[in-house]
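# Topology and contacts: notes
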Amino acid sequence: MRRLNLTRKLFESHRVSGSMEAGEELALKVDHTLTQDATGTLVMLAFEAMEIDRVRTELSAQYVDHNLIQQDFRNPDDHLFLQSACRKFGLWFSPAGNGVSHPLHQERFGIPGKTLVGSDSHTPAAGALGMLAFGAGGLEVALAMAGRPLFLKMPLVVGVRLTGRLPDWVSAKDVVLEMLRRYDVKGGANRIFEYHGPGLDGLSAMDRHVIANMGTEMGATTSVFPSDGEVRRFLASQQREGDWVELLADEDADYDEHVELDLSSLEPLIALPGSPGNVRPVREVAGEPVYQAYVGSSANPGLRDFAVPAMMVEGRHVHPGVSFDINPTSRQMLESLTLESYLGRLIRAGARIHQAGCNGCIGMGQAPATDRNSLRTVPRNFPGRSGTREDRVFLCSPETATAAALTGKITDPRELGMDYPRFGEPQAPKINREMFVAPADEAGDIELTKGPNIKTLPDLEPIARDFRAPVLIKLGDNVSTDDILPAGSEILPLRSNIPAISDYVFRNVGREFSDRAGDLDAFVIVAGKNYGQGSSREHAALAPRFLGLRLVCAQSYGRIHWQNLVNFGVIPLSFADPDDYASIEEGDELAIDDPVGALEAGGQVDVHNKTRKRTYTLQHELSQRQIDVIRAGSLINRLREEDR
Ligand code: MIC
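Residues numbered from 1 in each chain as written. Predicted model: local features only at pLDDT ≥ 70, side-chain atom pairs only at ≥ 80, totals over all residues. Heavy atoms only, no water.

A few words now on the nonpolar core. Of all hydrophobic cores here, the largest spans 108 residues; its most connected members are Phe11, Phe506, Phe513, Ile525 and Tyr531. Per-domain counts for this core show at least three residues from each of domain 1 (6-265) and domain 3 (466-643). In contact with Ile525, other than residues within four places in its own chain, are Ile473, Leu475, Phe506, Phe513, Tyr531, Leu549, Leu551, Val552 and Cys553. Counting residues in hydrophobic clusters, the runner-up holds 38 residues, among them Val308, Met333, Leu346 and Leu375. (Core = buried A, V, L, I, M, F, W, Y, C linked by side-chain atoms within 4.5 Å. Buried < 20%, exposed > 50% of the residue type's maximum accessible area, 1.4 Å probe, protein only. Domains from an automatic or database assignment. Contact = heavy atoms within 4.5 Å.)

Take a look at the structure:
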């Protein structure tokens, strides 16, 4: 008999159709959805277009945590729109000031054993509670809200056996940085990391959140932790012990792959600028001057992640050359930090306290100075994501960031010569639920409040039968969604306005991409491996599509972006032969005869390079369901066809 791992148990209990063989498409029932404001506005517009009265999930929650700077009407208008949509469609609403979606969902709503789909790539953080949680494009989340299942390909399940205990000055962020050191940004593709073993005992539910959150950075489909005694303690601390159920893998469970990680052997780690996968021991880069040290985000949201820095700086002062930025996770945590007198210690030492939310993690404020080193506890450091094009962002633990705040240079915290602060969870932590707005019982005659920046989704035409278009841009490996459609406080407020945001496609690559695209009916993008890694923002598929993108030929794809391309009617093909990638140049005309017919004919598609008079054979992994989406021109068009 197979001894089941927890992931397979969770899949089995939610499988609606399809097979659990690795690589096969299957459909899962969705219990919860999570949306945040920067992606949520498109979700609500898509849900409105589906003409469904109310959400059909057990629970759907909308958070406002990204677009928090109100320098004009656009962000606050989005917040009002989302609040009206929540009332109309029956979602919980978490207003600006409540804090970051992932930890809030864990504290307020997460239930072991439930499935969660979120329009944010870090949704897998909920795996910390024994949930099966996936990041997805907004359209997929809107469908889940409509009661439809989530489709995905069954990944391999990697059992990560944790042993030992974390040494002083080493914390959960170092665990996931060690995983990134081993797997880099694509090694987790088509995989789920399931953590088990005796080392779990030393990791709190929020520590597990840190690890599950950044599984995304390895390209993993999600991460799963058991629902054990620690999860029970955590839920009890949130006054929700009744939501706890024990969920464990069978003893000696089978995994597709095995990994051993001895926590005792870890040391402070840091990802160097440019990619979360550039991981080194902190000691190897010690001594470099630091301009900014930043603590917060969904990648270090626990009370301990702020309490330990507060204890480290107590009675000291931040180095005069450093901006020590504190981004509290939530209103509830701000209260706890205040009541437990951590906040005062941070303020006294010279920290800058920001509002609760994602903030600088996505370039919404706190952009660093040009070419200066910024040490952050956030999940990503793709170039320009901070809001500064020439940025130098390092990813590290709160301990390492705080050590730099004190010394003014990158410092292995073990070298500070202080005792490691001992943090104990408060006996009765502060709970603040009052600011969540419960769904109204019925929609009544609630109108959606749409400010002038909120534009309906564009109509998308099906692809031509005699498809022929030039390669507008040829890119290398690991192009992130931040490269395709940058973050930052200038661009984020345009998330509800596709025509306007389209002007910014590939802006940080330094080319006036949208101008050139504007002269064409259709165009192609050619890319290397892991195209579209990173965020779930479907704008990175929809905005190029709006400009004319119809075909991407890449060596491989980030999972969520691949799905988003399909959902907006763009064909994602993969090179079977890397030499074919090498032989295509920008400006080459590519053609496919009857693209939809070619997709249906099998897994291979002939692409003709009219400029070089060559034909390449590319591959696709689309299901018939997805080919139907391409035929219709977009998932929304396809849904309209089904309704007819
Ligand atoms: C991110 O970390 O990149 C974001 C901001 O949370 C995104 C969503 C977005 O782009 O709005 C994500 O991870 O999906």
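By volume, the largest pocket amounts to about 900 Å³. Forming the boundary of the largest pocket are 36 residues, of which Ser204, Asp207, Arg304, Phe423 and Glu425 lie nearest the centre. When contributions to the lining of the largest pocket are tallied by element, the ones reaching two or more residues are helix 7 (205-213), helix 8 (229-237), helix 10 (303-313) and helix 11 (331-339). Looking at the lining of the largest pocket, the element that brings in the most residues is helix 8, giving 4 residues. (1 Å grid on protein atoms, 1.4 Å probe; cavity = no way out; pocket = protein on both sides within 12 Å on 5 of 7 lines; lining within 4 Å. Points joined across faces, edges and corners; volume = space filled by probe spheres on them. Helix = DSSP H or I, 4+ residues; strand = E, 2+ residues; numbered from the N terminus.)

This part is about the domain arrangement of the protein. The figure often quoted for interface size is the accessible area lost as the parts come together. Segmenting the protein into domains produces domain 1 (6-265), domain 2 (287-410) and domain 3 (466-643). A C-alpha centroid distance of 27 Å is found between domain 1 and domain 3. Contacts between domain 1 and domain 3 engage 30 residues on the former and 34 residues on the latter. When the two sides are added together, the surface that domain 1 and domain 3 hide from each other amounts to roughly 2700 Å², 53% of it contributed by carbon and sulfur. It is Leu42, Leu139 and Lys186 in domain 1 that bury the most area against domain 3; as a group they hold 21% of the surface buried on that side. Inspection of the region where domain 1 meets domain 3 yields 2 salt bridges. With a closest N to O distance of 3.0 Å, Arg625 and Glu25 form a salt bridge. Across the contact surface, domain 1 and domain 3 share 15 residue pairs in polar contact (both at pLDDT 80 or more). Of all the secondary structure elements, the ones that give two or more residues to the side of domain 1 that touches domain 3 are helix 2 (37-49), helix 3 (74-89), helix 5 (138-145) and strand 8 (150-153). Class assignment of the residues belonging to the side of domain 1 that touches domain 3 gives a composition of 11 nonpolar, 11 polar and 8 charged. (Buried area = accessible area lost by both parts, 1.4 Å probe. Salt bridge = Lys/Arg side-chain N within 4 Å of Asp/Glu carboxyl O. Polar contact = N/O pair within 3.5 Å; in protein donor to acceptor, adjacent residues only side chain to side chain. Nonpolar A, V, L, I, M, F, W, Y, C, P; charged D, E, K, R; others polar.)

Let's shift gears to the sheet that holds strand 9 (residues 156-163). Consider a sheet: its strands pair through backbone hydrogen bonds, and that pairing is either parallel or antiparallel. Read across the open sheet, the 4 strands follow the order 11-10-9-12; overall the sheet is parallel. Looking along the sheet, the strands with just one partner apiece sit at the ends: strand 11 (222-224) and strand 12 (257-262). On average, each strand axis in the sheet is tilted by 25° relative to the strand beside it, whichever way the strands run. Judged from the 6 bridges that link them, strand 9 and strand 10 (residues 191-196) form a sheet pairing that is parallel. From the neighbouring strand, Val160 faces strand 10, where its bridge partner is Tyr195. Where helix 1 (residues 6-14) meets the sheet, its contacts fall on strand 9, strand 10 and strand 11, and the angle it forms with strand 10 comes to roughly 120°. (Pairing = 2+ DSSP bridges. Axes fitted to C-alpha atoms, helices over the stretch in contact; angles between N-to-C directions.)

Here we take up the sheet that holds strand 5 (residues 92-94). In space, the 5 strands of this open sheet follow the order 5-4-3-6-7, with parallel pairing throughout. Every other strand in the sheet has two partners, leaving strand 5 and strand 7 (132-135) as the edge strands with one partner each. With strand direction ignored, the average angle separating the axes of adjacent strands in the sheet is 15°. As paired strands, strand 3 (residues 32-36) and strand 4 (residues 59-63) are joined by 5 bridges and run parallel to one another. Each residue of the ladder has a partner; that of Thr33, found in strand 4, is Ser60. Where helix 2 meets the sheet, it contacts strand 3 and strand 4, and its direction lies at approximately 115° from that of strand 3.

Let us now look at the UniProt feature "domain: Aconitase A/isopropylmalate dehydratase small subunit swivel" (unreviewed entry) in the protein. The UniProt record marks residues 522-577 with the feature "domain: Aconitase A/isopropylmalate dehydratase small subunit swivel" (unreviewed entry), using the residue numbering of this structure. Taken end to end, residues 522-577 has its terminal C-alpha atoms 25 Å apart, with 32% of it in helix and 29% in strand. (UniProt positions renumbered as here; feature names shortened; annotations may be inferred.)

Before going further, it helps to examine the pairing of strand 18 (residues 373-376). Burial of the side chains of strand 18 extends over both faces: Asn373 and Leu375 are buried on one face and Ser374 and Arg376 on the other. Relative to strand 18, strand 15 (residues 292-296) runs parallel, the two sharing 3 bridges. Within strand 18, the residue paired with Ala293 across the bridge is Leu375. Of the pairings in the sheet, the one linking strand 18 to strand 19 (residues 392-395) comprises 4 bridges and is parallel in character. Paired with Ser374 across the two strands is Val393, which belongs to strand 19.

Near the ligand you find 14 residues, and of these Asp120, Ser121, Arg380, Ser536 and Arg537 are the closest. A distance of 2.5 Å separates an oxygen atom of the ligand from a polar side-chain atom of Ser121. A distance of 2.7 Å separates an oxygen atom of the ligand from a polar side-chain atom of Arg380. Look at the ligand: alone it shows 330 Å² of surface, and the protein chains cover 97% of it. Taking a 2 Å distance to the grid points as the criterion, the majority of the atoms of the ligand fall inside the largest cavity. Classifying every residue of the shell around the ligand gives 2 nonpolar, 7 polar and 5 charged. (Near = heavy atom within 4 Å. Areas by Shrake-Rupley, 256 points an atom, 1.4 Å probe, with all protein chains shown as cover. Sits in = over half its atoms within 2 Å of the grid points.)

This part is about empty space enclosed by the protein. In the structure shown here, the tally under the stated rule is 5 cavities of 30 Å³ or more. One number sums up the size of the largest cavity: a volume of about 190 Å³. Forming the boundary of the largest cavity are 21 residues, of which Gln36, His66, Asp120, His122 and Arg385 lie nearest the centre. Volume-wise, the second largest cavity comes out at about 100 Å³. The wall of the second largest cavity is formed by 13 residues, among which Leu104, Glu107, Gln332, Asn432 and Phe436 lie closest to the centre.

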